[in-house]
2 protein chains.
Amino acid sequence: MSHTVEILSVGTELLLGSIANTDARDLSVELAALGLDVHYHSVVGDNPKRLREAVELARGRADILITTGGLGPTCDDLTKQVLVEAFGKKLVFCPACAQQIRDYFARIGREMTQNNLQQAWLPEGCTVLDNAWGTAPGCAFQSGASYVVMLPGPPGECIPMFRERAVPWLAKLREGVIHSRVVRIFGMGESEVESILRTRMNQLVNPTLAPYAKEGEVELRITAKAADLAKAEELIVPVEGEIRRLLGRRVYGTDVPNLEQVVLDGLKYRKLTLGTAESCTGGLIAKRLTDLPGASAAMKGSVVSYTNEVKEQVLGVPRKMLDQHGAVSGEVARAMAYGARRVLDCDIAVAVTGVAGPERDERDNPVGLVYVALATPGEIRVTRLELGSGPTYARERVRNLAASNALDMIRHYLEESGAQ
Amino acid sequence: MSHTVEILSVGTELLLGSIANTDARDLSVELAALGLDVHYHSVVGDNPKRLREAVELARGRADILITTGGLGPTCDDLTKQVLVEAFGKKLVFCPACAQQIRDYFARIGREMTQNNLQQAWLPEGCTVLDNAWGTAPGCAFQSGASYVVMLPGPPGECIPMFRERAVPWLAKLREGVIHSRVVRIFGMGESEVESILRTRMNQLVNPTLAPYAKEGEVELRITAKAADLAKAEELIVPVEGEIRRLLGRRVYGTDVPNLEQVVLDGLKYRKLTLGTAESCTGGLIAKRLTDLPGASAAMKGSVVSYTNEVKEQVLGVPRKMLDQHGAVSGEVARAMAYGARRVLDCDIAVAVTGVAGPERDERDNPVGLVYVALATPGEIRVTRLELGSGPTYARERVRNLAASNALDMIRHYLEESGAQ
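A few points on the structure. Source: prediction; values computed, not measured. (Residues numbered from 1 in each chain as written. Chains lettered and ligands numbered in written order. Predicted model: local features only at pLDDT ≥ 70, side-chain atom pairs only at ≥ 80, totals over all residues. Heavy atoms only, no water.)

**Observations regarding the sheet that holds strand β8 (residues 146-151) of chain A**
Spatially, 12 strands are ordered β6(A)-β7(A)-β8(A)-β3(A)-β1(A)-β2(A)-β2(B)-β1(B)-β3(B)-β8(B)-β7(B)-β6(B) in an open sheet, and the strand pairing comes out mixed. Each edge of the sheet is formed by a strand with only one pairing partner; in this case those strands are β6 (127-129) of chain A together with β6 (127-129) of chain B. When strand polarity is set aside, the average angle formed by the axes of neighbouring strands in this sheet is 15 degrees. Where strand β2 (residues 37-44) of chain A lies against strand β2 (residues 37-44) of chain B, 5 bridges are found, and the strand directions are antiparallel. Looking at the pairing, Ser42 of chain A lines up with Ser42 of chain B of β2 of chain B. Contacting β1 (4-10), β2, β3 (64-68) and β8 of chain A together with β2 of chain B, helix α3 (residues 48-61) of chain A runs over the sheet at an angle of about 170 degrees to β1 of chain A. Docked against the sheet, helix α2 (residues 22-33) of chain B engages β1 (4-10), β2, β3 (64-68) and β8 (146-151) of chain B, running at close to 160 degrees with respect to β1 of chain B. (Pairing = 2+ DSSP bridges. Helix = DSSP H or I, 4+ residues; strand = E, 2+ residues; numbered from the N terminus. Axes fitted to C-alpha atoms, helices over the stretch in contact; angles between N-to-C directions. Contact = heavy atoms within 4.5 Å.)

**Some remarks on the side chain of Thr67 of chain A**
Residue and element names in this part refer to chain A. Mapped onto the elements of the fold, Thr67 is located in strand β3. With a relative accessible area of 0%, Thr67 lands in the buried category. Setting aside residues no more than four positions away along its own chain, Thr67 makes contact with Leu8, Thr79, Leu83, Val149, Met150 and Leu151. (Buried < 20%, exposed > 50% of the residue type's maximum accessible area, 1.4 Å probe, protein only.)

**Details of the state of the cysteines**
All names here are of chain A. Overall, the coordinates contain 2 disulfides over all chains when judged by the stated rule. Here Cys94 is linked by a disulfide to Cys97, with a sulfur-sulfur distance of 2.4 Å. Measuring the twist about the S-S bond at about 75 degrees, one finds the Cys94-Cys97 disulfide to be right-handed. On the accessibility criterion, Cys94 (15% relative accessible area) is buried. There is no disulfide at Cys346, and the cysteine sulfur nearest it, in Cys280, is 19 Å away. On the basis of relative accessible area, Cys346 is assigned to the buried category, the value being 5%. (Disulfide = S-S within 2.5 Å.)

**Examining the packing of α3 of chain A against helix α4 (residues 78-86) of chain A**
All names here are of chain A. In contact at an axis separation of 10 Å, α3 and α4 are set at 50 degrees when each is read in the N-to-C sense. When the axis of α3 is compared with that of α4, the two are oblique. The two elements α3 and α4 meet at a crossing, and its hand is right-handed. Two secondary-structure elements touch here, α3 through Pro48, Leu51, Arg52, Val55, Glu56 and Arg59 and α4 through Leu78, Thr79, Val82, Leu83, Glu85 and Ala86. A breakdown of the residues in the contact of α3 with α4 according to their chemical character gives 7 nonpolar, 1 polar and 4 charged. (Parallel < 35°, antiparallel > 145°, perpendicular 65-115°, else oblique. Left-handed = near helix turned anticlockwise from the far one by under 90°. Nonpolar A, V, L, I, M, F, W, Y, C, P; charged D, E, K, R; others polar.)

**As for the pattern of salt bridges**
All names here are of chain B. All chains considered together, the criterion is met by 52 salt bridges over all chains. In this structure, Glu219 engages Arg184 in a salt bridge whose closest nitrogen and oxygen atoms are separated by 2.9 Å. Of this pair, Glu219 sits in strand β11 (residues 217-226) while Arg184 sits in strand β9 (residues 177-186); the two residues are 35 residues apart in sequence, bridging distant segments of the chain. Overall, the relative accessible area of 12% leaves Glu219 in the buried class. In this structure, the salt-bridge partner of Asp228 is Lys231, at a minimum N-O distance of 3.7 Å. (Salt bridge = Lys/Arg side-chain N within 4 Å of Asp/Glu carboxyl O.)

**Looking at helix α7 (residues 190-203) of chain B**
Given 3.6 residues to a turn, an α-helix orients residues that are three or four positions apart in the same direction. Residues and elements named next belong to chain B. Given a rise of 1.5 Å per residue, 14 residues ought to cover 20 Å, and the 19 Å separating the end C-alpha atoms of α7 matches this to within 8%. Where α7 bends most, at Leu197, the angle is about 65 degrees. Among the residues making up α7, those that are buried are Val193, Leu197 and Met201. On its buried face, α7 is in contact with β9, β10 (208-214), β11 and α8 (229-247). (Expected span 1.5 Å × (residues − 1). Bend = angle between axes of the 7 residues up to and from the residue.)

**Some remarks on the pairing of strand β15 (residues 348-354) of chain B**
Residue and element names in this part refer to chain B. Most of β15 sits out of view: 7 of its 7 residues are buried. On β15, burial covers both faces: Ile348, Val350, Val352 and Gly354 on one face and Ala349, Ala351 and Thr353 on the other are all buried. Pairing analysis gives 5 bridges linking strand β13 (residues 274-278) to β15, with the strands arranged parallel. Residue Gly275 lies in a different strand from β15, and its bridge partner there is Ala349. Bridge count for β15 against strand β16 (residues 369-375) is 6 bridges, and the pairing is antiparallel. In the sheet register, Val352 faces β16, and the bridge partner there is Val372.

By themselves, these are just geometric observations and shouldn't be taken as functional.
If you want it as structure tokens, here you go:
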């Protein structure tokens, strides 16, 4: 049986262009990994009539309908209302959901308004998809030949709920499980990864291996179909091992969200503290690390030294060195890392100085020339990077890649300095 | 006559989740600015049957159909083939287009393959939309009550072609120009802005006034239709003046990209330097300011003091104060701003300390409690914020709003300290 999917996103903000439909993109990646064919993405506004028509259309041309958005109190739970009508159901009150919503507000220390409890009304007979990332629960139900999954719109809720709540429900449809592991790689392009793995990728049928490129990173998804989770893992584990052997240290983790989380976990595990000294990244490394809850266990702080004066006066980089080598130099990166380690009194300090663009610097260094230094108890290492070869968005790209490379340098140090 | 639009995007890569549909987002923003209502976004793959069905559906429910993608040689010009069939037209060869394609390849120094000339076949009687950003020309035609615009998929071609080629063609439908100004407001909710402006908004016909809420901000788009640009401006200017009178200092700019740009421009104009001391924002304010090219003219740097130790040792916040009031307090914010101004040797320093979440802090302060302090040559001001009332994304939202409030505090100071 081959299933086809339509993703129907509800939200006037999408039609006004306030946000891009990243939910549809990210769900499509997940669905492809499950072996499900996505045939349509559709977007309608917060309009009951047009939503109803879109639902009728979708159920006629796809057998799995996944909706995103329109679940919260501000839109009167539009999607739920319209879907239950379309499928001839009723909304019933879910006391457990109501309690979870109350608990959520208690946890963040805020008063809950009554309209938040609207969210606890769900289609009769549905499977509730708990929302551990926000307040609006999702749901899933079958009606005739149609399978319906309803998810909230905010990407930080939609995607984890799909992965952790909807995938197990969808897997039931298939008699057996579909299970994935995602191996993340930094410091290699997609074509390089593919050229190393091509022979194996072409041989593999179950599990399958699908690469996906992001800025500076490649993610490899290993997906197995099997009778149960344990059997799926049995299929996946040797392939993961093979990938790790072939790609070595470039693999930074499996089923981890990003480089900063791996760095933070590694620091915590080893009880090490970190500080950063940032010139061209201007606080981006510190920002990315402190995006993570619990960062304060390892992250002590940062000195953003956007001018030579701050490099000199706060980090103690000698004026003579700045004059002689320029701010964008290996020497200055080294001195910044040394200074940050001392000033912030941390075990490890990483420093970045470079040309973010859009123009060359006053010494005619090209956009994308970046030095990263890592100061540890034993030594200071310096790396020179050329990140300027991308076609567009030089500044943002250079800053992101510089920050990622700095994080990756810490990651390599942590791996070398003891088993994880 | 009120026009409604459907954006139909063609491309299997969208359904596989390889890219997000940023074309639909960006076109929607442009279309809203033209006063055109976008009712639907749809995505289909490179599949003639499903594309044909989607075209039939679209022409039945919207009168302007904008397609993106499926124009190049790699997809056999799928969109053109299907569209001419659907609208009962033929493709005819456009010699001028063929020459432009040849010229394009000559300009970038690449050899042209023959299949590139396929792109010079266009619907009979159409208006050719020249592509100065790539090779595939777009086109526009009217058929009965339908207006059709076909654009290439790559965003770097699609969006400039829409702006520079399709907008003039669409404007002809309307006899005159459509012109907008966007007034940006910080520190007021959408409902508050609406309640102040409601009477005026309901009276206005030309120009129209459309509010749109973003995180912590409201953007008001004033859109006029007139015979020419000068007449459109004549209609807009008094309405902008009225909005500024009614909303006062909450308006931070017209046709400006964001708060950080206004702050940076204001600092540069007054030749003032800035530094930041960041606890819960963890470098985000510095990151947002240094996202902007040319930030180094005013931004000296930042101390990210994520631990009390760094607050004490780098910024000089007294240990006793930290013990007595806690890190999240007005006193500590004030001392951080004072310390940053001294340590970074800048004219103005802003400091932020608060609870970003997801949990309350160890003193049981709620998520979203944030203190912002601004140290200037004359004084130190402190503001207490409660940012935790949003339903989801506590941490990211609190951090973003805290950073925006800090920037807005600088903006207010700059406005008070002399005409812009």
